[in-house]
Amino acid sequence: MATISFKEPWYSFLNKPSFNPPDWIFAPVWTSLYLMMTIAIWIFWHNKNRDMNTVYIYFIHLVFNTTWSIVFFVFHHMLLALIVLIALIGLIIILIVRFKRVNLVSSYLMIPYVLWCSFALILNFNLIILN
């Protein structure tokens, strides 16, 4: 909702790097990533070796995921959004490691997500530099 309601016209007027993806790519990418994240936690949850701390970290990471959109698109605070994104990537890496201890599939399902967020970090950083 934050992206839809507060993105424009602010985002259109930003100077963007040449590798900035077209707007249409974000919906299918995020839909795929959320599907993989959901499957990852579902598999993890249904494993007898699961631990609740990992589940708590998963939900905390979702808060950071949502916070980035609000900080970036609602408040237009690119530097703070970059800091949130660094924390988010750290949490995703922690989840990958913790998932790997219990189920490799859950761990592997999070890899595209951490890669996309790393790309987002590069984009976010370049937007700061260019604007």
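These remarks concern the structure in this document. Please read these numbers as outputs of a predicted model, since none were measured by experiment.

Quick notes on the rules
- Residues numbered from 1 in each chain as written.
- Predicted model: local features only at pLDDT ≥ 70, side-chain atom pairs only at ≥ 80, totals over all residues.
- Heavy atoms only, no water.
- Helix = DSSP H or I, 4+ residues; strand = E, 2+ residues; numbered from the N terminus.
- Rg over C-alpha atoms; globule rule 2.2 N^0.38 Å.
- Buried < 20%, exposed > 50% of the residue type's maximum accessible area, 1.4 Å probe, protein only.
- Contact = heavy atoms within 4.5 Å.
- Areas by Shrake-Rupley, 256 points an atom, 1.4 Å probe, with all protein chains shown as cover.
- Salt bridge = Lys/Arg side-chain N within 4 Å of Asp/Glu carboxyl O.
- Expected span 1.5 Å × (residues − 1).

1. Focus: the overall build of the chain
When its secondary structure is counted, the chain shows 6 helices and 0 strands. Mapped from its N terminus to its C terminus, the chain presents α and β elements in the order α-α-α-α-α-α. For 131 residues, the compact-globule formula gives about 14 Å, and the C-alpha radius of gyration of the chain, at 16 Å, lands near that figure. Overall, the chain is about 50 × 25 × 25 Å in size when its C-alpha atoms are taken along their principal axes. Within the chain, the proportion of its 131 residues that are buried is 40%. Sequence-distant contacts in the chain: of pairs separated by 6 or more residues, those separated by 24 or more amount to 76%. A total accessible area of about 7,600 Å² is found for the chain, and carbon and sulfur atoms account for 73% of it.

2. A word on the pattern of salt bridges
A side chain with one charge may pair with a side chain of the opposite charge, provided their charged atoms come close. Considering all chains together, one arrives at 1 salt bridge under this definition. A salt bridge links Asp 51 to Arg 98; its shortest N-O distance comes to 2.7 Å. Taken as a pair, Asp 51 in the loop between α2 (26-45) and α3 (52-74) and Arg 98 in helix α4 (residues 78-102) lie far apart in primary sequence, 47 residues in all.

3. Focus on helix α6 (residues 111-130)
For α6, with 20 residues, the first-to-last C-alpha span of 29 Å sits near the 28 Å given by 1.5 Å per residue. All of the buried residues in α6 are Tyr 113, Val 114, Trp 116, Cys 117, Ala 120, Leu 123, Asn 124 and Leu 127. The elements touched by buried residues of α6 are α2, α3 and α4.

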